[in-house]
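Residue-level listing of the chains:
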Amino acid sequence: MSDPLLLQANSDKSASPAPRSNEPGRGNGAFALGQNGRLAEQRILELEQWLTRHGGDRQIVLLQDFPDPDALSAGWAYKLIAEQYDIHCDIVYAGTLSHQENIALVKLLGLPIQRWTLQTLREKNLSEYSGCVLVDNQGTTTQLWEQVQKIQLPVLAIIDHHSPQEKINAEFSDIRPGVRATATIMTQYMQGGLLALDSSIVEHTRCATALMHGLRSDTNRLLHAKEEDFLAAAYLSRYYDSQLLSAVLQSARSRRVMDVIEQSLRNRIIESNYSIAGVGYLRYDDRDAIPQAADFLVTEENIHTAVVYGIVHDEDDDIEVVIGSMRTNKLTLDPDEFLKEAFGQDPQGRFYGGGRMMAGGFEIPIGFLSGFNENGDYARVKWGVFDNQIKQKLLHIINPGDGVIQTA
Ligand SMILES: [Mn+2]
């Protein structure tokens, strides 16, 4: 392996990035990008050229429906980087901020995001935008995606660390599944000189704080971090506000989230070190209780993987969707592969699930069976059918030899 590439940190606040250098020890300090530094540096160069060509643009930064700290911080970082090139961005998501920490992140840091529903998208004059940029997703986890494609809004760039999903032709693409967080990729862009962080600018310290949170949360508090994530964290450590970060982390779980976790504990079945729990019906706003329950179940001894799911009711559109989360500590298990194999694709060829290292999720619309749960017996039967079907599909992958599960 060659020497790690060293990039010069840029202390110049001018609009154009300072020239990079491979010589360590220049500027306000040199930072390594780790083992895959050459690839990172290549992408930084490409992005710099691409941003320069897009000066004056207005862009939509599209986040997943339930943006997590990695998505939120990376979206913000992209916006700040793009501003250096006279590009204005609106960071947009369509779902809900339901995790207490994410709400705290947005409120305490003043993170500039907007919620656009499908309705907003239809009513907006989109001609003022030159296109959209996908950050920490590839379109498969946002309900705005279909509409974006329908109106042929160009996909300008994709920056993500999930495994490649459907084929999208973007002008600039940086998809690196080996990197544990999109926040790490964004930090590398900054290290490479696309944005010179400055501790005296409040927005910069806040964004660095958000990035630190994003990369910690996608790496299980750095436990699964690799060299490049640690190097990015080291770089951010110069600029982030640790007190602000601990304030974000101290936000408490709501009672309803605690109830869902309790439900998952009670309902879990254990099979070959997998813990599987259906939690029944959930309100849309409590949707984030599902990944939190999965985070909790995977901590049990002799368990390496947890899958938690429930039927989430979206009152706005009166639709119901089975939503699930997977967490694993087993390094040889690829959640993306696992969920794609377990649940397959819809008639349009879109996979119901996907993921990255250590984590994955799935969403299965229940179509005609949506709504009308006033009748308790009916609601129970309906849940039972979905619960069994999901368990069957999961158990089929876990133990391919076994057939149908016992339902007594
Ligand atoms: Mn991520």
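Residues numbered from 1 in each chain as written. Predicted model: local features only at pLDDT ≥ 70, side-chain atom pairs only at ≥ 80, totals over all residues.

1. As for the environment of tyrosine 281
Part 1: If you trace the backbone, tyrosine 281 turns up in strand E10 (residues 274-283).
Part 2: In the structure, tyrosine 281 is positioned 233 residues away from glutamate 48 in sequence and 47 Å away in space, judged by C-alpha atoms.
Part 3: Filtering out sequence-adjacent residues up to four positions away, tyrosine 281 remains in contact with Gly310, Ile311, His313, Asn373 and Trp383. (Helix = DSSP H or I, 4+ residues; strand = E, 2+ residues; numbered from the N terminus. Contact = placed C-beta atoms within 7 Å.)

2. A closer look at the nonpolar core
Part 1: With 65 residues, the main nonpolar core has Val61, Tyr78 and Leu211 as its most contacted residues.
Part 2: When neighbours within four sequence positions are excluded, leucine 211 is seen to be in contact with Ser73, Ala77, Ala183, Met186, Thr187 and Leu236.
Part 3: Counting residues in each nonpolar core, the second largest holds 36 residues, with Leu282, Ile311, Met357 and Ala359 among its members. (Core = buried A, V, L, I, M, F, W, Y, C linked by C-beta atoms within 7 Å. Buried ≥ 20, exposed ≤ 12 C-beta atoms within 10 Å, placed from the backbone.)

3. Side note on the sheet that holds strand E14 (residues 359-365)
Part 1: Read from one edge of the open sheet, six strands run E9-E10-E11-E12-E14-E13, paired in mixed fashion. Lying at the two open borders of the sheet, with one neighbouring strand each, are strand E9 (269-271) and strand E13 (353-356). Here the strands of the sheet are splayed against their neighbours by 20 degrees on average, with no regard to which way each runs.
Part 2: Judged from the three bridges that link them, E9 and E10 form a sheet pairing that is antiparallel. (Pairing = 2+ DSSP bridges. Axes fitted to C-alpha atoms, helices over the stretch in contact; angles between N-to-C directions.)

4. Quick word on unusual backbone geometry
Part 1: Phi at leucine 222 is positive, roughly 80 degrees, even though this residue is not glycine.
Part 2: Of note, leucine 222 is situated in the loop between helix H7 (202-218) and helix H8 (227-236).
Part 3: Residue serine 272 is not a glycine yet carries a positive backbone phi of 45 degrees.
Part 4: Looking at where serine 272 falls in the secondary structure, it is placed in the loop between E9 and E10.
Part 5: Judged by C-beta crowding, with 10 C-beta atoms within 10 Å, serine 272 ranks as exposed.

5. A short note on the pairing of strand E3 (residues 58-62)
Part 1: Burial analysis of E3 places four of its five residues in the buried class, the great majority of the element.
Part 2: Pairing of E3 with strand E4 (residues 88-93) involves five bridges; the strand directions are parallel. Residue leucine 62 lies in a different strand from E4, and its bridge partner there is valine 92.
Part 3: Handedness of the crossover joining E3 and E4 through helix H2 (residues 69-83) is recorded here as right-handed.
Part 4: With four bridges joining them, E3 and strand E6 (residues 131-135) adopt parallel strand pairing. (Right-handed = clockwise from strand over helix to strand, strands pointing away.)

6. Concerning the domain arrangement of the protein
Part 1: Each domain of the protein was delimited in the assignment, giving domain 1 (6-249) and domain 2 (255-398).
Part 2: Taking only C-alpha atoms into account, the centre of domain 1 sits 28 Å from that of domain 2.
Part 3: Taken residue by residue, the interface counts 14 residues in domain 1 and 12 residues in domain 2.
Part 4: Here the side of domain 1 that touches domain 2 is composed, by residue class, of two nonpolar, 10 polar and two charged. (Domains from an automatic or database assignment. Nonpolar A, V, L, I, M, F, W, Y, C, P; charged D, E, K, R; others polar.)

7. Re the environment of glycine 193
Part 1: Along the chain, the position of glycine 193 falls in the loop between helix H6 (182-191) and H7.
Part 2: Residues glycine 193 and isoleucine 44, spaced 149 residues apart in sequence, show a C-alpha to C-alpha distance of 8.6 Å.

8. Side note on the sheet that holds E4
The pairing of strands in a sheet happens through backbone hydrogen bonds and is either parallel or antiparallel.
Part 1: In spatial order, the strands read E5-E4-E3-E6-E7-E8; together these six strands make up an open sheet with parallel pairing. Whereas interior strands pair on both sides, the edge strands pair on one side only; in this sheet they are strand E5 (113-115) and strand E8 (172-175). Pairwise comparison of adjacent strand axes, ignoring direction, gives a mean angle of 25 degrees for this sheet.
Part 2: As defined by bridge partners, strand E7 (residues 155-160) adjoins E8 across four bridges and the pair is classed as parallel. Within E8, the position partnered with isoleucine 159 by the bridge is aspartate 174.

9. Here we look at helix H1 (residues 37-53)
Part 1: Its 17 residues place the ends of H1 24 Å apart at the C-alpha level, agreeing with the 24 Å of an ideal helix rising 1.5 Å per residue.
Part 2: Among the residues of H1, Gly37, Ala40, Arg43, Ile44, Leu47, Glu48 and Leu51 are the ones counted as buried. In a view along the axis of H1, the buried residues occupy a sector of 140 degrees, so they form one face of it. Turned more than 90 degrees away from the buried face of H1, the exposed residues are Arg38, Leu45, Gln49 and Arg53. (Expected span 1.5 Å × (residues − 1). Arc of directions from axis to C-beta.)

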